[in-house]
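Breakdown of the fold
Listed below are the residues making up each chain.
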Amino acid sequence: GLMRELKGIDVMELELKHRLGIKGVIIVPGDSDESPLVKGELGKASAACMKKLLTGENIIAVTGGSTMAAIAERLTPELTRKNLLFVPARGGVGEDVANQANTICSNMAKNTDSKHRVFYVPDQVSSEIYQSLIKEPEIHEVLKLIKSASMVLHGIGDAITMAERRKTTPKIQQKLETGNAVGEAFGYYFNEEGEIVHKVLTIGLQREDLAGIPNIIAVAGGSSKAKAIKAYLKQAPAATILITDEGAAKRLLKG
Ligand code: F6P
């Protein structure tokens, strides 16, 4: 019955939290790989978690992807008794518009009756462009906001899936294969030990910045993402809260 299932999920949450060594785990029923409705549930659970953690003034840095887009759909003005500002965590122009952090932040702001900033920076830049872009006053200002975020909301993806989605060059794909990359988050590709195999050069939040951010919420579901989630969380900040689904959780607990 329902109670037993609920209890099962409670037990899984505690066990996973313990195994992964992070601040918290929230599991929603189902498997995002099998039903698109489950992503909506991830969105709903994320909104509830955000509501609990937000206090007073908040700058929320958000990454791209379809999971983040699903969270935006589930945010409501109920969150806005707080003062919220959504900012893209990293440059992401180049991804599908619906999956870009700029679009997602704008939807999040619209649905919560709050503010957002845009960050029109390509998802991958050369180091020359990087050096000149960070000198632009407007970019500099958004960067300052990102670094003072009180919350980060981010996705985690399967390395190969992400490399393909980003139309990564054959040379980099080769590097990812040789380095056994399995997971991706924030433009960093990780192997099973959580070591960085490759980093996409872009402007915005860098992995080191996470240490200074009190609330970190990672949202990723689907059994196909289990390996990626495990890899990323191997060396992720202990302050991370993982919001996932049963499909991924079951596979994580098996491994
Ligand atoms: O490209 C942004 C990003 O957040 C990646 O870091 C992550 O791997 C991916 O999107 C997740 O996308 P989705 O939620 O669509 O699986």
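The structure contained in this document is the topic of the report that follows. Please read these numbers as outputs of a predicted model, since none were measured by experiment. (Residues numbered from 1 in each chain as written. Predicted model: local features only at pLDDT ≥ 70, side-chain atom pairs only at ≥ 80, totals over all residues. Heavy atoms only, no water.)

1. Some remarks on the overall build of the protein chain
Counted only if it meets this: Runs of E in the DSSP output that reach at least two residues are strands. Runs of H or I that reach at least four are helices, and both are numbered from the N terminus. Radius of gyration: over C-alpha atoms. The globule rule applied is 2.2 Å multiplied by the number of residues raised to the 0.38 power. Here's how the labels work: a residue is buried when its accessible area is under 20% of the maximum for its type, exposed when over 50%, partly exposed in between, all with a 1.4 Å probe on protein chains only. Two residues qualify as a contact provided that any one of their heavy atoms is within 4.5 Å of a heavy atom in the partner residue. Surface accessibility in these figures is a Shrake-Rupley result with a 1.4 Å probe; residues are shielded only by whichever protein chains are displayed.
Helix and strand counts for the protein chain stand at 10 helices and 11 strands. Over its C-alpha trace the protein chain gives a radius of gyration of 17 Å, about what one expects of a compact globule, namely 18 Å for 255 residues. The principal-axis extent of the C-alpha atoms belonging to the protein chain is close to 60 × 50 × 30 Å. Here the protein chain holds 255 residues, and the buried ones make up 53% of them. For the protein chain, long-range pairs separated by at least 24 residues make up 73% of all intrachain contacts whose partners lie at least 6 apart in sequence. Of the roughly 12300 Å² of accessible surface on the protein chain, a fraction of 54% belongs to carbon and sulfur atoms.

2. Some remarks on the sheet that holds strand β11 (residues 240-245)
Rules: When DSSP finds at least two bridges between two strands, those strands are taken to pair. Only the contacting stretch of a helix is used when fitting its axis, a line to C-alpha atoms as for every element, and angles between N-to-C directions run 0 to 180 degrees.
Spatial ordering of the open sheet is given by β1-β11-β10-β5-β2-β3-β4, a layout of seven strands whose pairing is parallel. Edge positions in the open sheet fall to β1 (24-28) and β4 (115-116), since each of these has one partner strand only. Across three bridges, strand β2 (residues 57-62) lies against strand β5 (residues 151-155) in parallel orientation. Residue pairing for β5: A61 is matched across the bridge by V152. Of the strands in this sheet, β1, β2, β3 (83-88), β5, β10 (215-219) and β11 are in contact with helix α2 (residues 36-53), which crosses β11 at around 155°.

3. Some remarks on the site of the ligand
Stated precisely, the cut-off is as follows: Residues are classed as near a molecule or strand on a simple rule: at least one heavy atom within 4 Å of it. Pairs of N or O atoms are called polar contacts if they sit within 3.5 Å, as long as, within protein, a hydrogen donor faces a hydrogen acceptor (for residues adjacent in sequence, only side-chain-to-side-chain pairs). Throughout, the ten residues Ala, Val, Leu, Ile, Met, Phe, Trp, Tyr, Cys and Pro are labelled nonpolar, Asp, Glu, Lys and Arg are labelled charged, and all others, Gly among them, are labelled polar.
Around the ligand lies a shell of 15 residues, among which S66, T67, E95, E184 and K225 are the nearest. In the model, an oxygen atom of the ligand is placed 3.4 Å from a nitrogen or oxygen of the F186 main chain. When the free accessible area of the ligand is taken as 400 Å², the share hidden by the protein chains comes to 94%. Every element with two or more residues in the shell around the ligand is listed here: α3 (66-74), α7 (159-165) and β7 (183-185). Partitioning the shell around the ligand into residue classes produces four nonpolar, six polar and five charged.

4. A closer look at the packing of α3 against helix α4 (residues 101-112)
Formally: Should an angle fall under 35 degrees it is called roughly parallel, over 145 degrees roughly antiparallel, and 65 to 115 degrees roughly perpendicular, with every other angle called oblique. Less than a right angle of anticlockwise turn of the near helix away from the far helix marks a crossing as left-handed, whereas a clockwise turn marks it as right-handed.
Packing of α3 against α4 leaves a shortest axis separation of 8 Å and a crossing angle of 15°. Of the possible angle classes, the one that applies to α3 and α4 is roughly parallel. Judged by the sense of rotation from one axis to the other, the crossing of α3 with α4 is left-handed. In this structure, α3 uses M68, A69, I71, A72 and E73 to contact α4, whose residues at the interface are I104, N107, M108 and N111. Grouping the amino acids of the contact of α3 with α4 by side-chain chemistry returns six nonpolar, two polar and one charged.

5. Description of the side chain of S150
Mapped onto the fold, S150 is located in the loop between α6 (137-147) and β5. At 3.4 Å, the side chain of S150 forms a polar contact with the side chain of N58. Apart from residues no more than four positions distant in its own chain, S150 is found in contact with E57, N58, I59, I213, P214 and N215.

6. Observations regarding unusual backbone geometry
Apart from glycine, the bulk of residues carry a negative phi angle, and the bulk of peptide bonds sit in the trans form. For D113, which is not a glycine, the phi torsion comes out positive at approximately 60°. If you trace the backbone, D113 turns up in the loop between α4 and β4.

7. Some words on the environment of L79
On the secondary structure map, L79 appears in the loop between α3 and β3. Spatially, the C-alpha atoms of L79 and L53 are 11 Å apart, while their sequence positions differ by 26 residues. If near-sequence neighbours (up to four positions away) are discounted, L79 is found in contact with A47, M50, K51, L54, L84 and T112.

8. Considering the pattern of salt bridges
Think of it this way: side chains of opposite charge can pair up when their charged atoms draw near. Rules: For this document, the term salt bridge refers to a Lys or Arg side-chain nitrogen within 4 Å of an Asp or Glu carboxyl oxygen.
Under the counting rule described, the total for this entry stands at eight salt bridges. Ionic pairing is found between K51 and E78, a salt bridge with its closest N-O pair at 2.4 Å. Within this pair, whereas K51 is found in helix α2, its partner E78 is found in the loop between α3 and β3, the two being separated by 27 residues in sequence. Classification of K51 as partly exposed rests on a relative accessible area of 35%. For K147, the salt bridge goes to D209, with nearest N and O atoms at 3.3 Å. Within this pair, whereas K147 is found in helix α6, its partner D209 is found in the loop between β9 (196-199) and β10, the two being separated by 62 residues in sequence.

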